[in-house]
Amino acid sequence: MKSELNSKDYVTFTRRFVKETVDTMGIKELKDFAITAIHEDIQDVYNDLGQRGAFDDMLGWDEDTFLTVAEDFELELEGV
């Protein structure tokens with residue numbers, strides 16, 4: 001048995017693991033996972049680049065939703 005894989009096999013292993021894990025998840029579990037993952041991604045961007053960086057990341061995810069939510073907060077970004 002091995003305790004480590006070469007880079008190519010690691011990528012193949014990881015992609016298969018992720019696919020097979022996701023295939024076993026229900027819709028609610030997938031939505032909860034996506035919500036957490038997107039929030040953590042945006043938080044990481046915020047930690048590195050501040051609010052504007054986080055807002056730009058949100059715009060990249062879904063511009064229409066960002067603009068709708070921004071209206072509710074009376075938020076207007078320069079250049080958007």
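Residues numbered from 1 in each chain as written. Predicted model: local features only at pLDDT ≥ 70, side-chain atom pairs only at ≥ 80, totals over all residues. Heavy atoms only, no water.

**Side note on the nonpolar core**
Then, number 1: Counting five residues, the largest nonpolar core is built from Phe 55, Leu 59, Phe 66, Ala 70 and Leu 77.
Then, number 2: Among the secondary structure elements, those contributing two or more residues to this core are helix H2 (27-61) and helix H3 (63-72). (Core = buried A, V, L, I, M, F, W, Y, C linked by side-chain atoms within 4.5 Å. Buried < 20%, exposed > 50% of the residue type's maximum accessible area, 1.4 Å probe, protein only. Helix = DSSP H or I, 4+ residues; strand = E, 2+ residues; numbered from the N terminus.)

**Considerations on H2**
Then, number 1: Here H2 is 35 residues long, yet its end C-alpha atoms lie only 20 Å apart, well below the 51 Å a rise of 1.5 Å per residue gives.
Then, number 2: A bend of about 140° at Leu 49 is the largest found in H2.
Then, number 3: For H2, the complete set of buried residues consists of Ile 42, Val 45, Gly 53, Ala 54, Phe 55, Asp 57 and Leu 59.
Then, number 4: Residues of H2 that are buried in the fold lie against H3. (Expected span 1.5 Å × (residues − 1). Bend = angle between axes of the 7 residues up to and from the residue. Contact = heavy atoms within 4.5 Å.)

**Observations regarding the environment of Gly 50**
Then, number 1: Along the chain, Gly 50 turns up in helix H2.
Then, number 2: With 35 residues separating them along the chain, Gly 50 and Arg 15 place their C-alpha atoms 32 Å apart.

**Digging into the packing of H2 against H3**
Then, number 1: Contact geometry for H2 and H3: axes closest at 5 Å, N-to-C directions at 130°. Our classification of the angle between H2 and H3 gives oblique. Taking contact as the criterion, the partners of Phe 55, Met 58, Leu 59 and Trp 61 in H2 are, on H3, Glu 63, Phe 66 and Leu 67.
Then, number 2: Residues of the contact of H2 with H3, tallied by class, amount to six nonpolar, no polar and one charged. (Axes fitted to C-alpha atoms, helices over the stretch in contact; angles between N-to-C directions. Parallel < 35°, antiparallel > 145°, perpendicular 65-115°, else oblique. Nonpolar A, V, L, I, M, F, W, Y, C, P; charged D, E, K, R; others polar.)

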